[in-house]
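Geometric and topological summary
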Amino acid sequence: MTDARRALEGRVALVTGAGRGLGRAVALALAAEGAAVALAARSEAELAATAAEIDRSGGRARAVPTDVTSESAIETLVRETLAAFARVDVLVTAAGTAVFGPVADGKTADWDAMLAVNLRGVMLTCRAVVPVMVRQGSGTIINVASIAAARAIPGAAAYGASKAGVVAWSRGLAEELRGAGVRVGVLLPGAIDTPLWNATASAPDRAKMLRPEQVAAAVVLMATLPAGAALEELTLLPAGGIL
Ligand SMILES: NC(=O)c1ccc[n+]([C@@H]2O[C@H](COP(=O)([O-])OP(=O)(O)OC[C@H]3O[C@@H](n4cnc5c(N)ncnc54)[C@H](OP(=O)(O)O)[C@@H]3O)[C@@H](O)[C@H]2O)c1
């Protein structure tokens with residue numbers, strides 16, 4: 001069913017990390033605003049479930065299994081998105097991974113994984129989508145960082161470093177694209193109750209965290225501001241503050 005009042009009717013969004021957690025909530029929220037949505041992550045079954053949910057609510061989705069650490073997979077993702085929907089109006093880079101713990105116990109492999117997915121994956125995805133948006137003369141990129149990029153959180157030094165990179169990357173990209181009609185924003189959420197916390201033994205109180213739907217509402221706001229205004233950095237915290 002189409003509804004001319006929906007803010008993203010006729011628009012196309014590409015969301016990484018769309019199989020679960022925040023990315024899934026963002027994909028559903030953008031679809032509810034009328035966007036056709038390309039869904040990327042590695043787990044095919046989770047992507048299929050998100051796509052089915054969008055289909056059931058009358059939206060359009062295309063699942064494209066993708067590892068954001070792979071340049072060629074990202075090229076395929078963008079190619080398949082264009083083949084399905086012809087344009088990309090909104091990019092949300094929500095794919096991410098987190099391992100928390102003291103620096104002295106940190107495993108190099110965990111640091112490498114966080115940098116590869118959280119920072120390099122965002123860089124590769126943006127680079128692949130930017131030429132499409134520049135050609136269109138319009139588009140909104142929303143990179144998901146974290147409050148850990150801006151405030152010191154014990155146990156999150158490596159994760160925070162990867163996310164601080166995302167903030168710096170987003171600021172630089174925003175300047176580069178200012179004249180091209182493409183806006184770039186970066187979102188710094190506090191703790192969100194998602195499966196990301198399942199593997200963390202000492203997770204903060206999940207009942208006090210942000211709901212993924214609340215964060216998705218902020219993403220929709222960033223994506224639907226009228227042209228000429230850009231929400232370039234948005235910190236979103238649970239009512240109780242950082243946990
Ligand atoms: N949860 C929080 O408290 C919180 C707070 C601030 C910021 N964030 C950020 O928000 C984003 C979403 O996190 P979340 O809490 O929703 O985490 P999540 O529930 O663990 O979901 C992470 C998503 O990223 C995907 N992903 C991970 N590695 C990937 C890879 N190599 N290639 C493609 N997709 C990959 C996962 O799918 P596959 O594993 O199937 O690939 C999954 O869909 C992340 O960037 C996270 O750092 C989270």
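Residues numbered from 1 in each chain as written. Predicted model: local features only at pLDDT ≥ 70, side-chain atom pairs only at ≥ 80, totals over all residues. Heavy atoms only, no water.

Focus: the site of the ligand
What counts is decided by this rule: Here a residue is near a molecule or strand as soon as one of its heavy atoms is found within 4 Å of it. Here a polar contact is recorded for every N or O atom pair within 3.5 Å, except that within protein the pair must consist of a potential hydrogen donor and a potential acceptor, and residues adjacent in sequence are included only if both atoms are side-chain atoms. Under the convention used here, a 1.4 Å probe and the Shrake-Rupley method define accessible areas, while residue burial counts only the protein chains that appear. A cavity, in this analysis, means grid points on a 1 Å lattice covering only the protein atoms where a 1.4 Å probe fits yet has no way out; a pocket is instead an open set bounded by protein on both sides within 12 Å along at least five of seven lines, and a residue lines either one if it has an atom within 4 Å of a point. Criterion for pocket placement: a molecule counts as inside a cavity or pocket if more than half of its atoms are within 2 Å of its grid points. Here a strand is any run of E in DSSP of at least two residues, a helix any run of H or I of at least four, and the numbering for each starts at the N terminus. Residues were grouped as follows: Ala, Val, Leu, Ile, Met, Phe, Trp, Tyr, Cys and Pro as nonpolar; Asp, Glu, Lys and Arg as charged; and all remaining residues, including Gly, as polar.
Around the ligand lies a shell of 28 residues, among which Leu 22, Arg 42, Ser 43, Tyr 159 and Thr 194 are the nearest. Within the side chain of Arg 20, one N or O atom sits 3.2 Å away from an oxygen atom of the ligand. Contact between the ligand and Leu 22: an oxygen atom at 2.7 Å from a main-chain N or O atom of the residue. Alone, the ligand offers 880 Å² of accessible surface; in the complex the protein occludes 96% of this. When each cavity is represented as a set of grid points, the ligand is found to reside in the largest pocket. Counting residues per element, the ones that place at least two in the shell around the ligand are helix H1 (21-32) and helix H5 (157-177). Tallied by class, the residues present in the shell around the ligand amount to 15 nonpolar, nine polar and four charged.

With respect to the sheet that holds strand E5 (residues 139-144)
Rule in force here: Any two strands between which DSSP finds at least two bridges are classified as paired. Axis definition: a line fitted to C-alpha atoms, limited for helices to the stretch in contact. Angles are taken between N-to-C directions and run from 0 to 180 degrees.
Here seven strands make up an open sheet; going across it, the order is E3-E2-E1-E4-E5-E6-E7 and the pairing parallel. One side of each edge strand has no neighbouring strand; the edge strands of this open sheet are strand E3 (61-65) and strand E7 (233-236). Across the sheet, the mean angle separating the axes of adjacent strands is 15° when strand polarity is ignored. In this structure, E5 lies alongside strand E6 (residues 182-189), joined through six bridges in parallel fashion. Opposite Gly 139, over in E6, you have Val 182 as the bridge partner.

Let's talk about the packing of aromatic side chains
For the record, the criterion: Any two rings among Phe, Tyr and Trp, with Trp reduced to its six-membered ring, count as a pair given centres within 6.5 Å; such a pair is stacked if its planes are under 30 degrees apart, edge-to-face if over 60, and tilted if neither. Type-normalised accessible area, obtained with a 1.4 Å probe on protein chains alone, sets the label of each residue: buried when under 20%, exposed when over 50%, and partly exposed for intermediate values.
Under the criterion given, the structure shown has two aromatic pairs. Between Phe 100 and Tyr 159 the ring centres are 5.3 Å apart and the planes differ by 75°, which places this aromatic pair in the edge-to-face class. Of this pair, Phe 100 sits in the loop between strand E4 (90-93) and helix H4 (108-136) while Tyr 159 sits in helix H5; the two residues are 59 residues apart in sequence, bridging distant segments of the chain. Judged by its relative accessible area of 29%, Phe 100 falls in the partly exposed class. Seen in terms of ring centroids, Phe 100 and Trp 197 are 5.3 Å apart; in terms of plane orientation they differ by 20°. Their pairing is stacked.

Quick notes on the nonpolar core
The condition that has to hold: Only buried residues count toward a nonpolar core. Its members are Ala, Val, Leu, Ile, Met, Phe, Trp, Tyr and Cys residues joined through side-chain atoms within 4.5 Å. Any two residues having at least one pair of non-hydrogen atoms within 4.5 Å are treated as being in contact.
Judged by nonpolar contacts, the single largest core of 34 residues is most densely connected at Val 15, Val 26, Leu 30, Val 37, Leu 39, Val 90 and Val 92. Counting residues per element, this core draws most heavily on helix H6 (residues 212-224), at seven residues. In this view, Val 15 contacts Gly 23, Val 26, Ala 27, Leu 30, Val 37, Ala 38, Leu 39, Ala 40 and Val 92; residues no more than four positions away in its chain are not counted. Judged by nonpolar contacts, the second largest core, of 26 residues, contains Ala 38, Val 64, Val 78 and Leu 119.

Observations concerning the pattern of salt bridges
Definition in use: A pair is scored as a salt bridge if a Lys or Arg side-chain nitrogen falls within 4 Å of a carboxyl oxygen belonging to Asp or Glu.
Scanning the entire structure with this criterion turns up 11 salt bridges. Where Glu 233 meets Arg 171, a salt bridge forms, and the shortest distance between an N and an O atom there is 2.5 Å. A residue pair is termed long-range when its members are at least 10 positions apart, and Glu 233 in strand E7 and Arg 171 in helix H5 qualify at 62 residues. Residues joined in a network through salt bridges with shared partners are Arg 11, Arg 87 and Asp 89.

Details of helix H2 (residues 44-56)
Defined as follows: Given a helix with a known number of residues, its expected span is that number minus one, times 1.5 Å. Working note: the arc is built from the helix axis to C-beta atom directions.
Between its first and last C-alpha atoms H2 spans 18 Å; for 13 residues at 1.5 Å apiece the expected length is 18 Å, and the two agree. Those residues of H2 lying buried are Leu 47, Thr 50, Ala 51 and Ile 54. Seen end-on, H2 carries its buried residues on one side only, within an arc spanning 95°. Facing away from the buried side of H2 by over 90 degrees, the exposed positions are Ala 45 and Arg 56. Residues of H2 that are buried in the fold lie against H1, strand E2 (36-41) and E3.

Side note on the layout of surface pockets
Keep this limit in mind: Grid points are joined across faces, edges and corners, and a volume is the space filled by probe spheres set on the points.
Taken as a whole, the largest pocket encloses approximately 1200 Å³ of empty space. As for the largest pocket, its lining consists of 50 residues, of which Gly 96, Thr 97, Ala 98, Tyr 159 and Leu 196 are closest to the centre. Only H1, E2 and H5 provide two or more residues apiece to the lining of the largest pocket. Residue contributions to the lining of the largest pocket peak at three residues, all from H1. Its residues assigned to classes, the lining of the largest pocket shows 29 nonpolar, 16 polar and five charged. Estimates place the volume of the second largest pocket at around 440 Å³. Along its surface, the second largest pocket is lined by 24 residues, and Gly 139, Thr 140, Gly 181, Arg 183 and Ala 227 are the ones closest to its centre. If one sorts the elements of the lining of the second largest pocket by residue count, E6 sits on top with three residues. Tallied by class, the residues present in the lining of the second largest pocket amount to 13 nonpolar, six polar and five charged.

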